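Residue-level structural notes
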2 protein chains.
Amino acid sequence: MKVILLPENFKKAISYGERFVATKPQIPVLGNLLFQAKEGQFFVAATNLETGIKFRIGAKIEGEGAVTVPARVISELVASLPTEKVFLSVEGEELSIKCGRFTATIQGLTGAEFPVFPKKDKGLTLEVPTTFFQEVVERVGFAASSDESRPVLTGILFNWQRRVRAVATDGYRLSLMEADLGEGVVKKEVEVKTLLPARSLSEVERVLSDLGEQTIRLTWSLEQRQMFWTTGDLEVVVRALEGDFPDYQGIIPGEGETIVEIDRNELLQAVKLAAVFARDSANIVKWRFTKEGLEISARSSQVGTNITTVGVDYHKGNSGTIAFNSRYLLECLSRFREERVRFEMTEALRPGVFTGVKSKQEFKHIIMPVRVQEE
Amino acid sequence: MKVILLPENFKKAISYGERFVATKPQIPVLGNLLFQAKEGQFFVAATNLETGIKFRIGAKIEGEGAVTVPARVISELVASLPTEKVFLSVEGEELSIKCGRFTATIQGLTGAEFPVFPKKDKGLTLEVPTTFFQEVVERVGFAASSDESRPVLTGILFNWQRRVRAVATDGYRLSLMEADLGEGVVKKEVEVKTLLPARSLSEVERVLSDLGEQTIRLTWSLEQRQMFWTTGDLEVVVRALEGDFPDYQGIIPGEGETIVEIDRNELLQAVKLAAVFARDSANIVKWRFTKEGLEISARSSQVGTNITTVGVDYHKGNSGTIAFNSRYLLECLSRFREERVRFEMTEALRPGVFTGVKSKQEFKHIIMPVRVQEE
């Protein structure tokens, strides 16, 4: 392999690639990036076997071939390279780099050791705006579990039809959004479900947000159970999770007995204040709806007590008490973009439901309450 | 105690105070902030017994008294307080806070338990620009040791005369700067030496940089061996370290056999590149002066090898090899503000000396080389 390329292209490819490298590689080559010159094109690729990325960058190719080198080393190196043309060449398992008055050889592994990048089969394809994934990761992904002992809960379930639905739950809360992806995305009669790991989606989203707003082609390979994201120069692949996602429909409550609208910032501020007092008592924050509004309070024998009264507009009902883990409330409320949120509850031990007021897209967040001793 | 104050003043005082609270308080009150209304003034104070701060803020005082509350709790709380007047009142050991629709009581300790803030005695006073300490912390403080087993090496030695000298060394490197503080600062015939902990100075500097450029009054209390920084509303005190600072004059080498000038950025970049290869081999980076310039290289059996040639202007001599720990080089070079640095060396095992070229203030940094096997 012998190629010449610009440092800015090299940096960009490496910064994409290094996010997809295994953090604790089971075999050394999974901690490496693949550099490959093939059929007149230069690629940088990485995989941790669950997710993979392949990025094509402009380069002058004077000889084909491939090599892999540790992602950590090359990524640190490019950060300090001079802004001059970079000359790469490979001898055996060593990559040589020349750039201005800098020369180096890096110990790598042959390209042949690198896992073969999965090939797209025909599958089902659809075109999706890149910004869609930002919304999914922000509004839904955070509700997925990080506990690997129940892998299905670490995923986001997508139901791809003309109207796409994305759901995640960790058993204590649930996020659900729907978006209309417009005409002819998937034929109406076909219902495709994919369960993709939330953590991987979040890496994919970071790459997509670098690309800016554009349309990206998705391909769902039924046979390999993998999702591909493709643009001209980029291909990302994520392996679907195995297993059955819980029947979340049963968790979503019907209309609540008390329904209110609340200013989101005011509510968020009140919960933040209560969280300071709740920290030493299992993060429990109590809500009490009264004629005066919503009383939010927390109590800790070590720290002290607090109450904030937040103004609410009642739509239905005007009473009720319920208690939540402050962490879940803070995470949920910070994901709404709307100025006002709608909250519905029925009784202390049944789930509370948050939705945005005047929201263009459907987004629903459900939190299971915590049981507290009555005083 | 009963006071009314503006949330922005309260926040500011607490943000100053919390930096001076003990991180792992040996007695609970050292993790607390003192709020005190006395003689028509309101103060927030903190101390970890080594350093202390007392800050006066505007407040309407309706009752005198004092209380202390955990810094962590109050600091988190003020971050989310509404932007309305804050009402503080004390009952026993409890602080009550009202602010808009928020009310809270925080469990504290009586003001009487708080250590008495040291009183300035006459001592020696001088006026110093606040920016002086920024330079001391940045250019000298980083060379102090963080190893508490030899406390004197964690300090910065100041020699206060008309010309002030500040020195720190951890045994492997030494930083020294001199600054002219102008007329009548200290009487010529008096030589005052203070050894102040570098870590504390760095906290003091953060407060001073918030104050912006101004003149601050220093008072050195010979009897209590404490340094006071005073402005209208602020008083900071730092206790001097006990013990004798090493005789650093003996460490500073005379003129080197090879003296060069180097572009600082180019040198920094070359060292950063070498550091990538040096990480797995004790951070050793080799320097070799030749007719072509300075060859900077590192070698690791795992990672690979590299060489960068950096252009130099020889003033004297034109050869020599020396090796340094890359961490020391990076830390030193990033502290220079000058475009070019001057480097002096004599032989492989004698210290290398860095100074700025065309520098207004005198700043000198000395690094002990590491011994390497000749190849």
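Keep in mind that this is a model prediction, so the values were computed, not measured. Counting restarts for each chain: residues are numbered from 1 in the order of the written sequence. Each chain takes a letter, starting from A, and each ligand takes a number, starting from 1, following the order in which they are written. Residues qualify for local features only when their pLDDT is at least 70, as the model is predicted, and side-chain atom pairs are given and counted only at 80 or more; totals for whole chains, interfaces and linings, by contrast, use all residues. Excluded from the side-chain calculations are hydrogens and water; all other atoms, namely the structure's heavy atoms, are used.

Attention now goes to the environment of B:Glu339. Where helices and strands are cited, they refer to DSSP runs of H or I of at least four residues and of E of at least two residues respectively, numbered from the N terminus. Summarising the element assignment, B:Glu339 is placed in the loop between helix H6 (326–333) and strand S25 (340–345). Ignoring any residue separated from it by four or fewer positions in sequence, one finds B:Glu339 in contact with B:Ile262, B:Asp263, B:Arg264 and B:Asn265. Between two residues, a contact is recorded if the distance between any of their heavy atoms is within 4.5 Å.

As a further point, take the domain arrangement of chain A. Structurally, chain A comprises domain 1 (2–113), domain 2 (124–164 + 181–248) and domain 3 (253–367). Each domain's limits were defined by an automated method or a database of domain assignments. Between the C-alpha centres of domain 1 of chain A and domain 3 of chain A the distance comes to 50 Å.

On to a negative patch on the surface. Here, patches come from residues exposed beyond 30% relative accessible area and free of salt bridges, joined within 9 Å for like charges and within 5 Å for nonpolar side chains (Val, Leu, Ile, Met, Phe, Trp, Tyr). Here, Shrake-Rupley sampling with a 1.4 Å probe gives the accessible areas, and only protein chains in the shown set may cover a residue. Any Lys or Arg side-chain nitrogen found within 4 Å of a carboxyl oxygen on Asp or Glu counts as a salt bridge. In summary, the charge assignment counts Lys and Arg as positive and Asp and Glu as negative, without counting His or the chain termini. Think of each charge as sitting on NZ of Lys, CZ of Arg, CG of Asp or CD of Glu. On the surface, a cluster of negative charge is contributed by A:Glu91, A:Glu93, A:Glu94 and A:Glu113. By the element assignment, A:Glu91 lies in strand S7 (residues 86–91).

With that settled, consider the environment of A:Gly356. All names here are of chain A. Note that glycine 356 resides in strand S26 (residues 352–356). Taking C-alpha positions, glycine 356 is 38 Å from threonine 47, a pair spaced 309 residues apart along the chain. If sequence neighbours within four positions are ignored, glycine 356 has contacts with Phe336, Glu338, Arg340 and Phe363.

Quick look at the packing of helix H5 (residues 264–278) of chain B against H6(B) now. Residues and elements named next belong to chain B. Here H5 crosses H6 at 155 degrees, and the two axes come no closer than 10 Å. Looking at the two axes, H5 sits roughly antiparallel to H6. Like other packed secondary-structure pairs, H5 and H6 cross with a definite hand, here left-handed. Of the residues in H6, those touching H5 at Arg264, Leu267, Leu268, Val271, Lys272 and Ala275 are Ser326, Leu329, Leu330 and Leu333. Each residue is assigned to one of three groups, with Ala, Val, Leu, Ile, Met, Phe, Trp, Tyr, Cys and Pro labelled nonpolar, Asp, Glu, Lys and Arg labelled charged, and all others, Gly among them, labelled polar. Of the residues that constitute the contact of H5 with H6, the class distribution is 7 nonpolar, 1 polar and 2 charged. Only the stretch in contact is used when fitting a helix axis, every axis being a line fitted to C-alpha atoms; angles between N-to-C directions are given from 0 to 180 degrees. By definition in this entry, angles of less than 35 degrees are roughly parallel, angles greater than 145 are roughly antiparallel, angles of 65 to 115 are roughly perpendicular, and the rest are oblique. Two helices cross in a left-handed way if the nearer one is turned anticlockwise from the farther one by less than a right angle. They cross in a right-handed way if the turn is clockwise.

Looking now at the interface of chain B and chain A. Facing the 32 residues of chain B at the interface are 33 residues of chain A. In short, buried area is how much 1.4 Å probe accessible area vanishes from two parts on joining, totalled over both. For the pair chain B and chain A, the summed buried surface comes to about 2700 Å²; carbon and sulfur atoms form 50% of the total. Together, B:Ser80, B:Arg101 and B:Leu273 form the three largest contributors to the area buried by chain B at its contact with chain A, with a combined 22%. The tally of links between chain B and chain A comes to 4 salt bridges. A salt bridge links B:Glu266 to A:Arg101; its shortest N-O distance comes to 3.0 Å. Distance and chemistry together define a polar contact, namely a pair of N or O atoms within 3.5 Å, with one atom able to donate a hydrogen and the other to accept it when in protein, and with adjacent residues in sequence counting only for side-chain atoms on both sides. Between chain B and chain A we count 16 residue pairs in polar contact (both at pLDDT 80 or more) in total. A pair of strands is treated as paired once DSSP finds two or more bridges between them. In the sheet, strand S9 (residues 102–107) of chain A pairs with strand S22 (residues 304–310) of chain B via 5 bridges, with the strands oriented antiparallel. Bridged to A:Ala104 within S22(B) is B:Asn306.

Take the packing of aromatic side chains next. What counts as a ring pair is set by centres within 6.5 Å for rings of Phe, Tyr and Trp (its six-membered ring), and what kind of pair is set by the plane angle: stacked under 30 degrees, edge-to-face over 60, tilted for all other angles. Within this structure, the stated rule accounts for 38 aromatic pairs over all chains. Centre to centre, the rings of B:Tyr172 and B:Tyr328 are 6.3 Å apart; their planes meet at 20 degrees, and the pair counts as stacked. Linking B:Tyr172 in the loop between strand S13 (163–169) and strand S14 (173–180) with B:Tyr328 in helix H6, this pair joins segments that are 156 residues apart in sequence. The cut-offs for exposure are 20% and 50% of the maximum accessible area for each residue type, with area from a 1.4 Å probe on protein chains only; residues under the lower value are buried, those over the upper are exposed, and the others partly exposed. Residue classification places B:Tyr328 among the buried positions, given a relative accessible area of 10%. Taken together, the ring pairs in this structure connect A:Trp287, A:Phe289, A:Tyr314, A:Phe324, A:Phe343 and A:Phe354 into an aromatic cluster. Geometrically, a lysine NZ or arginine CZ counts as sitting over a ring once it is within 6 Å of the ring centre and also within 35 degrees of the ring normal. Its guanidinium or amino end placed over the ring of A:Phe43, A:Lys54 lies 5.0 Å from that ring's centre, counting from NZ or CZ.

You can overlay chain B on chain A at an RMSD of 0.0 Å; the transform is a turn of 180 degrees with a shift of 0.0 Å along its axis. As the rotation angle and translation indicate, the two copies are arranged about a two-fold axis. Identified as the residue of chain B closest to the rotation axis by C-alpha distance is B:Thr23, at 16 Å. In this assembly, 100% of the residues forming the interface of chain B have copies in chain A that are likewise at the interface, indicating an isologous arrangement. Here the copies are matched by least squares. The fit uses the C-alpha atoms of residues with pLDDT of at least 70 in both.

It is worth spelling out H6(B) at this point. Residues and elements named next belong to chain B. All buried positions along H6 are accounted for by Ser326, Tyr328, Leu329, Cys332 and Leu333. Around the axis of H6, the buried residues are gathered within 160 degrees of arc, so they sit on the same side. Where H6 begins, one side-chain oxygen reaches toward the backbone nitrogen of arginine 327, 2.8 Å away; that side chain belongs to asparagine 325. Summarising the geometry, the arc corresponds to the directions from the helix axis toward the C-beta atoms.

As a further point, take the sheet that holds strand S27 (residues 362–367) of chain A. Residues and elements named next belong to chain A. The strand order across the open sheet built from 9 strands is S15-S12-S13-S14-S27-S26-S25-S19-S23, with neighbouring strands paired in antiparallel fashion. Of all strands in the sheet, those with a lone pairing partner are strand S15 (192–197) and strand S23 (312–316), marking the two edges. Put simply, the sheet's adjacent strands are angled 20 degrees from each other on average, direction ignored. Both strand S12 (residues 155–160) and strand S13 (residues 163–169) contribute to a ladder of 3 bridges, which runs antiparallel. Of the residues in S13, the one forming a bridge with leucine 157 is valine 167. Strands in contact with helix H3 (residues 130–139) are S12, S13, strand S14 (173–180) and S27; relative to S14, the strand with the most contacts, it is inclined by about 165 degrees. The strands touched by helix H5 (residues 264–278) within the sheet are strand S19 (258–263) and strand S25 (340–345), with S19 carrying the most contacts at an inclination of about 90 degrees.

Here we take up the environment of B:Leu126. Residue and element names in this part refer to chain B. By the element assignment, leucine 126 lies in strand S11 (residues 124–129). Using a relative accessible area of 5% as the deciding quantity, one classes leucine 126 as buried. Taking C-alpha positions, leucine 126 is 24 Å from aspartate 244, a pair spaced 118 residues apart along the chain.

As a further point, take the confidence of the model for chain A. Averaged over all residues, the pLDDT of chain A equals 93, while 97% of them reach at least 70. Mean pLDDT per element in chain A: strand S11 (residues 124–129) of chain A is the minimum at 87, and helix H6 (residues 326–333) of chain A is the maximum at 98. Scored from 0 to 100, pLDDT records how confident the predictor is in each individual residue.

Once that is clear, we can look at the packing of helix H1 (residues 7–18) of chain B against helix H2 (residues 71–80) of chain B. Packed helices, taken two at a time, are described by the angle between their axes plus the distance between the axes. Residue and element names in this part refer to chain B. Closest axis-to-axis distance for the H1/H2 pair is 10 Å, and the angle between their directions is 145 degrees. In this structure, H1 meets H2 at a crossing whose hand is left-handed. Between H1, through Phe10, Lys11, Ile14 and Glu18, and H2, the contact on the second element is made entirely by Ala71, Ile74, Ser75, Val78 and Ala79. Classifying every residue of the contact of H1 with H2 gives 6 nonpolar, 1 polar and 2 charged.

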